[in-house]
Amino acid sequence: MMQFANLFPEEQIVAQLARKLYWSHFIEVLPLKDSLQREFYITMAASGRWGRDRLRKEIDGLLFERTAISGKPDEFIKKELTTLRDDNVMSPDLVFKSPYFLEFAGLKGFYSEKTLEDCLVAHLEQFLIELGNGFCFVARQKRMIIDGEDFKLDLLFYHRRLHRLIAIDLKKGRFKAEYKGQMELYLRWLEQNEMEPGEETPLGLLLCTEGSKEQIELLQLDKAGIKVAQYMTELPPREVLQHQIQKSLAVAKARLANYVEDDV
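Let me begin by describing the structure that accompanies this report.

Each value, and the rule that gives it
Residues numbered from 1 in each chain as written. Predicted model: local features only at pLDDT ≥ 70, side-chain atom pairs only at ≥ 80, totals over all residues. Heavy atoms only, no water. Helix = DSSP H or I, 4+ residues; strand = E, 2+ residues; numbered from the N terminus. Rg over C-alpha atoms; globule rule 2.2 N^0.38 Å. Contact = heavy atoms within 4.5 Å. Areas by Shrake-Rupley, 256 points an atom, 1.4 Å probe, with all protein chains shown as cover. Lys, Arg positive; Asp, Glu negative; His and termini not counted. Charge placed at Lys NZ, Arg CZ, Asp CG, Glu CD. Buried < 20%, exposed > 50% of the residue type's maximum accessible area, 1.4 Å probe, protein only. Pairing = 2+ DSSP bridges. Phe/Tyr/Trp six-rings, centres within 6.5 Å; stacked < 30°, edge-to-face > 60°. Axes fitted to C-alpha atoms, helices over the stretch in contact; angles between N-to-C directions. Parallel < 35°, antiparallel > 145°, perpendicular 65-115°, else oblique. Left-handed = near helix turned anticlockwise from the far one by under 90°. Nonpolar A, V, L, I, M, F, W, Y, C, P; charged D, E, K, R; others polar.

Quick word on the overall build of the protein chain
Next, step 1: Of the regular secondary structure elements, the protein chain holds twelve helices and six strands.
Next, step 2: Relative to its length of 264 residues, the protein chain is compact, with a C-alpha radius of gyration of 19 Å against a globular reference of 18 Å.
Next, step 3: Viewed in the frame of its principal axes, the protein chain has a C-alpha envelope of about 65 × 45 × 40 Å.
Next, step 4: Contacts in the protein chain between residues far apart in sequence, at least 24 positions, make up 63% of those at least 6 positions apart.
Next, step 5: Here the protein chain has roughly 14,300 Å² of accessible surface; of this, 51% comes from carbon and sulfur atoms.
Next, step 6: Across the protein chain, the mean location of the 37 positive side-chain charges is 3 Å away from that of the 42 negative side-chain charges.

So, the pairing of strand β3 (residues 149–159)
Next, step 1: Within β3, eight of the eleven residues are buried, which leaves the element mostly enclosed by the surrounding structure.
Next, step 2: Examined bridge by bridge, strand β2 (residues 135–146) and β3 share ten bridges and lie antiparallel to one another. If you follow Cys136 over to β3, its bridge partner there is Tyr158.
Next, step 3: The turn joining β2 and β3, which pair antiparallel and follow one another in sequence, is formed by two residues; a positive phi near 55° is taken by Asp147.
Next, step 4: Across five bridges, the pairing between β3 and strand β4 (residues 164–174) is antiparallel. Across the sheet, the residue bridging to His159 is Arg164, located in β4.
Next, step 5: What sits between the antiparallel neighbours β3 and β4 is a turn of four residues, in which His163 has the positive phi angle 55°.

Overview of the side chain of Thr67
Next, step 1: Tracing the backbone shows Thr67 in the loop between α6 (63–66) and α7 (74–87).
Next, step 2: For Thr67, a relative accessible area of 3% corresponds to the buried category.
Next, step 3: Aside from chain neighbours lying at most four places away, what touches Thr67 is Phe40, Asp93, Leu94, Phe96 and Lys97.

Points about the packing of aromatic side chains
Next, step 1: With the rule as written, the count across this model stands at six aromatic pairs.
Next, step 2: Where Phe40 meets Tyr41, the ring centres are 5.2 Å apart and the plane angle is 80°; that geometry is what we call edge-to-face. Exposure class is identical for Phe40 and Tyr41. Each is buried.
Next, step 3: Ring centres of Phe137 and Phe157 lie 5.6 Å apart, and the angle between their planes is 70°; on these two criteria the pair is classed as edge-to-face. Here the residue Phe137 occupies a position in strand β2, and Phe157 occupies one in strand β3, the gap between them amounting to 20 residues.

Things to note about the packing of helix α4 (residues 35–48) against α7
Next, step 1: Orientation of α4 relative to α7, taken along the N-to-C sense of each, is 25°, at an axis distance of 10 Å. As summarised for this structure, α4 and α7 are arranged roughly parallel, according to the angle between their axes. Remark: the crossing between α4 and α7 carries left-handed chirality. Within the contact between the two elements, α4 uses Leu36, Glu39, Phe40, Thr43, Met44 and Ser47 and α7 uses Asp74, Ile77, Lys78, Leu81, Leu84 and Arg85.
Next, step 2: In terms of residue class, the contact of α4 with α7 is made up of six nonpolar, two polar and four charged.

Here it is as structure tokens:
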């Protein structure tokens, strides 16, 4: 109890979360050394109505380090978590992550994008769990006729908390700049033909086996409503995985700091 009081000194936050969580939830986050991580996990658990086992699974799966918001400044993260607690409004940075763990698909070695899609649909429940709370499956191979030509989007979802369609395209190999134009075409078609009144504009998620950080930054994909994430069908040992993710996070933080210095 003394440790809890020291690690959660803000009474207002505790009062908000205690109405939705059990003492066992707080026990799970006490071993975490970073206060921002503790706040992230306990806030997400309350928002998503996670049980204790789900919370433990997300901590073991390095959810914070994988979530897009982890690469943002600390003050920005705290602001987004406060908005989620106070207003129940979730931002895309709290929804999308990288890498996605798709080991449940059972794919090893060589496989095609079509095989990956088939496996994800066959294991749809597990894929939805990995995507996170709020995702609802809409369609696979979503057909779009543009200028008399057929285009097909791999997977289409709807996110209840974001109130928008999420277009997912699966890519084998590294991200390529040409993928941006293709996804933008899909998103504008969905906006024109599928978006319902009251919804936000659709977002795109490009799942690639490897990222291309410089291309992604230069193309300013966030401004186009497009996220790029890595996926893994085979997971390395947890220690190796943790090192890889933390290394990528450190690089992202350093680049962000350089941008801030250049602006100043």
